[in-house]
Amino acid sequence: MGIDLPLIWAIIIGFGLMMYVIMDGFDLGIGILFPFVHDRHDRDTMVNSVAPVWDGNETWLVLGGAALLAVFPLAYSVILSALYLPIVLMLGGLIWRGVAFEFRFKADEAHKPFWDKAFALGSYVATLSQGFAIGAFINGFKVADGAYSGGGLDWLTPFSLFTGLGLVVAYALLGSTWLVMKTEGALQHRMRLLAQPVTMAMLAMIAIVSLWTPLAHPAVAARWFSLPNIVFFAPVPILVLLSTWAILRTLRRDSHSAPFLFALFLLFLGYSGLAISLWPNIIPPSISIWDAAAPPQSMGFTLVGALFIIPFILGYTAWSYYVFRGKVRTGEGYH
Amino acid sequence: MLGLTALELARIQFGFTVSFHIVFPAITIGLASYLAVLEGLWLWSNDTVYRDLYHFWSKIFAVNFAMGVVSGLVMAYQFGTNWSYFSAFAGSITGPLLTYEVLTAFFLEAGFLGVALFGWNKVGPGLHFFATVMVATGTLISASWIVASNSWMHTPDGFEIINGRVVPVDWLKVIFNPSYPYRLSHMVVAAYLATALFVGASGAWHLLKRRHTRTARTMLSMAMWMVLVVAPLQIAIGDALGLNTLKHQPAKIAAVEGHWENKPGATVPLILFGWPDMASETTRYGVEIPYLGSLILTHDWNGRIPGLKEFAPEDRPDSTIVFWSFRVMVGLGALMLLLGMWSLWLRWHQRLFRSKLFLRFAVMMGPSGLIAILTGWYTTEIGRQPWVVYGVMRTKDAVSNHSALALSTTLIVILVMYFAVFGTGVSYMLKLVAKGPEEPGSKDARDESDAQNRRPARPLSAVPDLFDPGVGETPTGKE
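If you're wondering where the values come from, they're calculated on a predicted model, not measured in any experiment. (Residues numbered from 1 in each chain as written. Chains lettered and ligands numbered in written order. Predicted model: local features only at pLDDT ≥ 70, side-chain atom pairs only at ≥ 80, totals over all residues. Heavy atoms only, no water.)

**Here's the deal with the overall build of chain B**
Item 1. Regarding its fold elements, chain B presents 14 helices and six strands.
Item 2. Whereas a compact globule of 479 residues would reach a radius of gyration of roughly 23 Å, chain B reaches 24 Å, a difference of no more than 12%.
Item 3. Scored against the burial criterion, the 479 residues of chain B give a buried share of 60%.
Item 4. Counted over contacts in chain B with a minimum sequence separation of 6, partners at least 24 positions apart contribute 75%.
Item 5. Surface summary for chain B: the accessible area is close to 18600 Å², and the carbon and sulfur share equals 66%.
Item 6. Side chains of chain B carry 36 positive and 32 negative charges; the gap between the two charge centres is 8 Å. (Helix = DSSP H or I, 4+ residues; strand = E, 2+ residues; numbered from the N terminus. Rg over C-alpha atoms; globule rule 2.2 N^0.38 Å. Buried < 20%, exposed > 50% of the residue type's maximum accessible area, 1.4 Å probe, protein only. Contact = heavy atoms within 4.5 Å. Areas by Shrake-Rupley, 256 points an atom, 1.4 Å probe, with all protein chains shown as cover. Lys, Arg positive; Asp, Glu negative; His and termini not counted. Charge placed at Lys NZ, Arg CZ, Asp CG, Glu CD.)

Okay, structure coming up:
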């Protein structure tokens, strides 16, 4: 032995979910920004900027679900039962927006506006549900005899409603800075302007969640505010402030890709803050990754594949992004 | 809802979502391979008919793929939401298989699909062909893993039960469980057959309308060769799967046959039609052929199979349903065989593209592959009941603790949404099929080249706006 399989797997699943949040984050953000852009060609450009890659982005969500089932089946069954309604809502939202990618170009003229609305609404519903789920996850789940024992609406709290809103802002930030990078002209200018208040809202959301969580959960407070942890974790809030400043600054200058990269970094910081707060629980407040782990035969078998294949996946995903690099243009096609 | 229990509602919900889902991957598997063949033929022969067909079918593929992805996403999460005890009990086996599917197949499909659909002007022809082949390979790898997982639930092997949950002991036995080779080949061949019937029907339809004749002939001709080869092959594979099922799931075979008991000295007749009655333990109104049941089921004139009465009532699958679902599948299979033979005979007499009667028959057979897949799926899955993992875990012990209210609410949401979303999608797909490929020199093709030069194009949509003439993708590629 000597290899801590649950630990390695927690890192892999954590990485997979982070990839999901970042990557599907910006394409969900496109849908969230739809109500702020009315011009049809601009909307087409927005959708086209993610059309070749959204499907791969969403695959990280499937990987998260499948890997959770494989290596933490207890967590998979408890969390998905507890979050039944938000998950059904999320899947519904993802269905509407997923098919809208294709349908909005194929519908007859009278139905096109309907699929635009479906795309936007689906993106909002999916994002809000994911945000509710994060809030409920931080709040923890009631477990008895290896199964979820709470009610069907336990996930619905003021805190989870707030995290739902917070995630909408986060994805809007990723989406708007992505468009600053991928578009030009009037649309790009509009996104530069829009991204600034969104960045400020993001900072406010992070601040409120960072205060609300330790106030509501003494264990989280103890994790962050005891010595020596406070010294180790102090860079997190400082980096948050720095990257917010950097996003705003690069948005005002003529920079194309920097705002998006800093926004990614900001999301990464928020995500690590969450991980620090909850570690090492996979079913908060008290079931750890070691308690919920699958038999080592399952974790080992799956790990071999994950370690060999994930680098390839990252490789050809990067290649696919490289193929579609550069600006999306409305007028002259996509060269 | 309607006085149904939570278990029944969860089963209806699963059956409904999986029925919708399975149609899309089946077409995805078939079309992906078809696209790879088309692009290969184009690169090899330089004949533009193959490139035109590639563009045409890639649009339908794109719509179909999107619907397959989102409906599959629901499946991946439904195990946890609705079947949490199954997930906690058997997740250590089904989970790794599903994870391997995601790692080796889903990412491959998604990663290369963007290039295959949108990358015509961005990468060279060799690299583009490679992307198409990768997408096709991904669909086949995907089928391998998901069938391994499903097949393990039918004929579980290579595991122990420790502390009330499944622990894998031998992964090779888990994956290559006793029914796996039969189920995998039956499913993949079914996907090819269903796609060939669909493609053939659209070719026949355009020929009947006297349109797109060159591409339509190529479509029909390729599809009919496929049906001719694959339909008999599928019947042979189905027969082998039947023998395998008799060995491992005899109660399923008894239910499929409506066979209740073996009378002393008598052999098993084949009940062609009838009404298996679960309450009175007989098959009413049976039309029987003596000996044929023994011959087909055991490959022996005097062979015996167990009757349903040999199993405790709580261990019997519902014979009424599987008896009929199986007969629909087999009946359609026979018609497919007829279609293939007829096409060969007409080809021989050089009337393949002219026989109206045949073309109409080919159009009618368009959905038959998908119907056969659904009824075959019902036969095998309902025939597995009352077990979720055969002989290991009962379905009633697998379901989550949700109330009937929660399950009926989500069921209604899913029913309404699926019919709205996928109904619309299928109608868009059929409209695309009905419009047919762009032909060089046609008005549409000119519009499209105009669009490239002057109008704001939407080059990233795989599907040029069909109903918004003149705006579309640039299907130039390489001549």
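**What about the confidence of the model for chain B?**
All names here are of chain B.
Item 1. Residues at a pLDDT of 70 or more form 91% of chain B, whose mean pLDDT is 85.
Item 2. Mean pLDDT in chain B bottoms out at helix α14 (residues 443-453), which sits at 42, and peaks at helix α6 (residues 180-208), which reaches 94.
Item 3. Note that residues 443-479 has pLDDT below 50 and, in this model, 105 contacts with residues that lie over four places away or in other chains.
Item 4. Among the scores for the predicted complex, ipTM is 0.86 and pTM is 0.86. (pLDDT = per-residue confidence, 0-100.)

**With respect to the environment of B:Thr215**
Residues and elements named next belong to chain B.
Item 1. With respect to the secondary-structure elements, threonine 215 resides in helix α7 (residues 213-248).
Item 2. Placed 163 residues apart in sequence, threonine 215 and aspartate 52 show a C-alpha to C-alpha distance of 7.7 Å.
Item 3. Look past the residues within four positions of threonine 215 in its chain and what remains in contact with it is Val49, Asp52, Leu53 and Pro437.

**Remarks on helix α1 (residues 6-45) of chain B**
Residues and elements named next belong to chain B.
Item 1. Relative to the 58 Å expected for 40 residues at 1.5 Å per residue, α1 spans 58 Å between its end C-alpha atoms, a close match to the ideal helical length.
Item 2. Across the 40 residues of α1, 28 count as buried, placing the element largely inside the fold.
Item 3. Downstream of α1 by a residue or two, asparagine 46 has a phi angle that is positive, lying close to 65 degrees. (Expected span 1.5 Å × (residues − 1).)

**A short note on the packing of aromatic side chains**
Item 1. In the structure shown here, the tally under the stated rule is 48 aromatic pairs over all chains.
Item 2. Where A:Phe114 meets A:Trp115, the ring centres are 5.0 Å apart and the plane angle is 85 degrees; that geometry is what we call edge-to-face.
Item 3. Note on A:Phe114: relative accessible area 46%, which makes it partly exposed.
Item 4. Centroid distance B:Phe16 to B:Tyr418: 5.7 Å. Interplanar angle 45 degrees. Geometry classified as tilted. Highlighted residues: B:Phe16 in helix α1 and B:Tyr418 in helix α13 (residues 404-435), separated in sequence by 402 residues. Note on accessibility: B:Phe16 and B:Tyr418 belong to one class, buried.
Item 5. In textbook terms, an aromatic cluster arises when at least three aromatic residues are bridged by ring pairs, as seen for B:Phe16, B:Phe20, B:Phe24, B:Tyr418, B:Phe419 and B:Phe422. (Phe/Tyr/Trp six-rings, centres within 6.5 Å; stacked < 30°, edge-to-face > 60°.)

**A closer look at the side chain of B:His154**
Residue and element names in this part refer to chain B.
Item 1. Note on placement: histidine 154 falls in helix α4 (residues 125-154).
Item 2. The class for histidine 154 is buried, based on a relative accessible area of 1%.
Item 3. Of note is the side chain of histidine 154, whose polar atom sits 3.2 Å from the side chain of glutamine 249.
Item 4. At 2.8 Å, the side chain of histidine 154 forms a polar contact with the side chain of glutamate 381. (Polar contact = N/O pair within 3.5 Å; in protein donor to acceptor, adjacent residues only side chain to side chain.)

**So, a nonpolar patch on the surface**
All names here are of chain A.
Item 1. Taken together, Ile238, Leu239, Leu242, Trp245, Phe265 and Phe268 make up a surface patch of nonpolar side chains, about 570 Å² in accessible area.
Item 2. Examining the composition of the nonpolar patch, we find that four residues originate from one element, helix α11 (residues 235-252), more than from any other.
Item 3. Residue position: isoleucine 238 is located in helix α11. (Patch = residues over 30% accessible without salt bridge, like charges linked within 9 Å, V, L, I, M, F, W, Y side chains within 5 Å. Salt bridge = Lys/Arg side-chain N within 4 Å of Asp/Glu carboxyl O.)

**So, the interface of chain B and chain A**
Item 1. Between chain B and chain A, the contact holds 81 residues from the first and 72 residues from the second.
Item 2. Both sides of the chain B and chain A interface together cover about 6700 Å² of buried area, and 73% of this is carbon and sulfur.
Item 3. With a shortest N-O distance of 3.3 Å, A:Asp108 and B:Lys431 are connected by a salt bridge.
Item 4. Applying the counting criterion to the chain B and chain A interface returns 13 residue pairs in polar contact (both at pLDDT 80 or more).
Item 5. Classifying every residue of the side of chain B that touches chain A by side-chain character gives 52 nonpolar, 22 polar and seven charged. (Buried area = accessible area lost by both parts, 1.4 Å probe. Nonpolar A, V, L, I, M, F, W, Y, C, P; charged D, E, K, R; others polar.)

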